[in-house]
Amino acid sequence: MNALELRGLEKAFGGLRVTADVSLAVDPGERRLIIGPNGAGKTTLFNLITGELPADVGSIRLFEHDITRVPSRRRAHLGLARTYQIVTLFPGETLLRNVTLSLLGLSRLRWNPLVRLDRQSALLAAARQTLSLVGLDHLAERPLAQTAYGERRRVEIAMALAQNPKVLLLDEPFAGLSSDERRDVQLLLAAIPREVTIVMIEHDMDVALDFAERITVLHFGKVEVEGTRSEVVAHPRTREIYLGE
Amino acid sequence: MNLWLILAGNSIAFGGLLFLLSAGFSLIFGLMRIPNLTHGSLFMLGAYFAVSLISWGLGFWPAAILAGLGVAAFGGLVERLLLRRLPGAELAQVLVTLGLSFMIADICLLGWGGDPISIATPSELRGASRIAGFAFPTYRLGLIVIAIVVAATLWGLVDKTRLGAMIRAGVDDPAIARVVGIRVSRLFTIVFSLGAGLAGFAGVIGGPILSVYPGLDQDMLPLALVVVILGGSGSLVGSFIGSFVVGFLYNFGQAMFPELAYVVLFLPMLVILVLRPQGLFGRVAA
Amino acid sequence: MRRLTLALALAALAMLPLWVGNSYYVNIASQILLYAIFALALNVLVGYAGLVSLGHAGLFGIAAYAGALAINNGATHLVAIVAALAATLVAAAAFAVLALRGTGLGFVMITVAIGQIVWGVAYRWISITNGDNGVAINTRPSPFGLSLTSTPNFYWATLIVFLVAVTAIAIVAASPFGASLRGTRDQPRRMTALGYHIWLIRFLAFLFSGLWSGVAGMLFLYYNQFISPQAVALGASAEALLMVISGGSGTLLGPIVGAALVVIMKNVVSAYIVRWNFVLGAIFVAIVIFMPEGIVPGSVRLARWCLAKLRPQVTEVTAAATPRPESGL
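Residues numbered from 1 in each chain as written. Chains lettered and ligands numbered in written order. Predicted model: local features only at pLDDT ≥ 70, side-chain atom pairs only at ≥ 80, totals over all residues.

### A look at the pairing of strand β3 (residues 31–35) of chain A
Residue and element names in this part refer to chain A. Where burial is concerned, most of β3 is hidden: five out of the five residues are buried. With burial as the criterion, each face of β3 is covered, one bearing Arg 31, Leu 33 and Ile 35 and the other bearing Arg 32 and Ile 34. Of the strand pairs in this sheet, β3 and strand β8 (residues 197–201) are connected by four bridges, and their pairing is parallel. For Arg 32, the partnering residue across the bridge sits in β8 and is Val 199. Judged from the four bridges that link them, β3 and strand β9 (residues 214–219) form a sheet pairing that is parallel. Its bridge partner being in β9, Arg 32 is matched across the sheet by Arg 214. (Buried ≥ 20, exposed ≤ 12 C-beta atoms within 10 Å, placed from the backbone. Helix = DSSP H or I, 4+ residues; strand = E, 2+ residues; numbered from the N terminus. Pairing = 2+ DSSP bridges.)

### Considering the domain arrangement of chain A
Residue and element names in this part refer to chain A. Segmentation of chain A into domains returns domain 1 (1–79 + 166–245) and domain 2 (90–164). Using only C-alpha atoms to locate each centre, domain 1 and domain 2 end up separated by 26 Å. With 11 residues of domain 1 at the interface, the matching set in domain 2 holds 11 residues. Of the residues forming the side of domain 1 that touches domain 2, the biggest block, four residues, is contributed by helix α6 (residues 179–190). Class assignment of the residues belonging to the side of domain 1 that touches domain 2 gives a composition of six nonpolar, three polar and two charged. (Domains from an automatic or database assignment. Contact = placed C-beta atoms within 7 Å. Nonpolar A, V, L, I, M, F, W, Y, C, P; charged D, E, K, R; others polar.)

### Considerations on the packing of helix α4 (residues 90–112) of chain B against helix α11 (residues 234–247) of chain C
Viewed as axis vectors pointing N to C, α4(B) and α11(C) meet at an angle of 120 degrees, and their least axial separation amounts to 10 Å. The orientation of α4(B) relative to α11(C) falls into the category oblique. The two elements α4(B) and α11(C) meet at a crossing, and its hand is left-handed. Only Ala238(C), Leu241(C), Leu242(C), Ile245(C) and Ser246(C) of α11(C) make contact with α4(B), whose side of the interface consists of Leu91(B), Val94(B), Leu95(B) and Leu98(B). Looking at the contact of α4(B) with α11(C) residue by residue, the class counts come to eight nonpolar, one polar and no charged. (Axes fitted to C-alpha atoms, helices over the stretch in contact; angles between N-to-C directions. Parallel < 35°, antiparallel > 145°, perpendicular 65-115°, else oblique. Left-handed = near helix turned anticlockwise from the far one by under 90°.)

### A word on the sheet that holds strand β2 (residues 16–26) of chain A
Residues and elements named next belong to chain A. The four strands are arranged β2-β1-β4-β5 in an open sheet whose pairing can be described as antiparallel. A strand with exactly one partner marks an edge of an open sheet, and here the two such strands are β2 and β5 (65–66). The strands touched by helix α1 (residues 42–50) are β1 (4–13), β2 and β4 (57–62); relative to β2, the strand with the most contacts, the crossing angle is about 65 degrees.

### Comments concerning helix α2 (residues 23–49) of chain C
The end-to-end C-alpha distance of α2(C), which contains 27 residues, comes to 38 Å, matching closely the 39 Å that a straight helix rising 1.5 Å per residue would cover. Across the 27 residues that make up α2(C), a large majority, 21, are buried. (Expected span 1.5 Å × (residues − 1).)

### Here we look at the packing of helix α9 (residues 216–231) of chain B against helix α11 (residues 261–275) of chain B
All names here are of chain B. Two numbers describe how α9 lies on α11: the axes approach to 9 Å, and their chain directions differ by 35 degrees. In this structure, α9 crosses over α11, and the sense of that crossing is left-handed. Residues Val 226, Ile 229 and Leu 230 of α9 touch α11, and the partners they reach there are Leu 265, Phe 266, Met 269, Ile 272 and Leu 273. Among the residues making up the contact of α9 with α11, the classes are represented as eight nonpolar, no polar and no charged.

Below you can see the structure in the form of structure tokens.
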């Protein structure tokens, strides 16, 4: 059984085919890297998987469950989580509140208009725990606006981890980080247990190649090369795509 | 039959006036994403300016143009001093444009009093003309001509000139327009002044038909909103067609369903908004 | 410290008819309170949900008209109030379904259209609404035998309703639902990805906002014993929005301050300054220039700045202790 399977996924905007007949299968627990030049359609692919964009043609399966027609908001409840290329957090809130919101998304409590959110000790404890996973529990009460960019990128990841996802989509988690910060995130990702399948989009080849077990190369919305890390790195087409044809 | 033709004629004339009013609003909202809630006040201000200019001996047409220019200058000031500090701050823009409309309304009350003032129809367009065997006020025909001329001029400006190209680029994608080197801030001031000036000019042109009175601003603003919503913001074609649609809805609605006049006007707007949020011709989903 | 201030404010409000002798000013206070409820209700959408409604006077008015018509057709006050609020909820549901088709300015425009339609019906459907002449009612209710005809009694009743409203809204704001609502305002994309049902959250917020707008509308009806189309016009919706924005959206105190500002300007200042509209407009413009977030957040910022200048070493503590707008006052 595949953790995530895409079959013949297509998406076009007007005349522009952003995703062209993309099929791929990710094993449970696998660390998959998706690379490709700018405009290759990588983030669009993530948007299709999460349901933010409806696919024109094709199917998406999450652990054999066909989620192609499942509304975006339900996919989180089925174990899908993602981070965003641009940090997409709640600016006026503390780190703790940010992660709490993530936990709340899957809880029936989110509809409760009567109790105080601040008094939900179980929820807050779980949020604190997630923050400690990314090494930020000492900053739990810090307003997001007063944190550094590197810290915010880790909060991005914490948001996704908080929901105990089965499949985690990471969109350029290393973007804009200093080498120290990059190392922190690398350690963080390495510590994520095998119960979580990870699919990552990344530009930064040094860090990304370390992480990847299998790599999918996208170009103009199509899957051009796919295989293990060494296969893809050695493949002549990969070089062509990156150095221009 | 007579009645319908007269109603139709009035609708077209009113539509022409509405176009002069809303073209500016559409440009401002389409390019700058600012809901200019002062627009009705600018219309009224132009009319009041003309009242004074005419009372000092100026002819109708010079007064209309001067009043338009005056309001344009005022608009430019408002943009540079106030609106420029609020890019993207929707609520603040609402507060400031409404606040300004309060101030303008009160100043007009102070300056010109509370009684309605009529603007005399210019002598060359007095009386009635015979069109297809029916008598129709010449001024209203003139108004239609003016609207068409202004529409053609605006279309030429937007479609054929460099300024127009910059405006269109700004409407399509402000961020990229900046990157490409378009001086967006100066463009904004020009467009806002142009929109304001058009509104002021429209106020004068509408004077012989509507008169000028306190509250004119609040009567005209919702109509401009309806036109721009129906036609789609940032689209001159949309404003043009939308104006005449609203002109017809307004006049026929009043005549046929006096009990539901405003419903007849706003219900289609509602339906279109619900089905097609970007309006009939808009490219910018509001 | 905050509890003490709150208790003192409450005591002052409760004693108001006693220390303000003039019944004219007590009536002003009643108006401030009822408009504050309206502004707080609107703020649920504007401040917490990030949805700007320029048609909320429609809900306010539907409650008042429904109440007035019920009373004039023989209903008791209790029945009239229940009927009015029920009508408002139904209307709010309809408004919400239509308005939520749009986002951003589309939402605003749809609310304008709906508000204008309600106004159009009130203005022109003379057989039901009596058009411009409005609908008058003869009596105010007498809950538990206490007649609200007298100025102080009406004030106290309004104060009680106001306190219930503020408490209810505060509870919702501090609840998980409230946090979800604010989340949809800040990052709707992410909220969906996190598993939230954005449309439904907004819809429920609209109903809640509509309910309290209706309560304010009924208070308005009982205060004036009269309802006319003017209360449903675009200007009335704009006024409510201005109360929210000028006071500070997204806070509890902001709409209350904004309501006080507008009511005082309209009723008190207008007696002394003929050009009070100009002054009010100028105040709004000044707020945008100096305190664009609104009077309450702006004043908090100003106070913090002053404190920092006076006692620099206290800045850290103050910054941590200052209430964030989201959590309460």
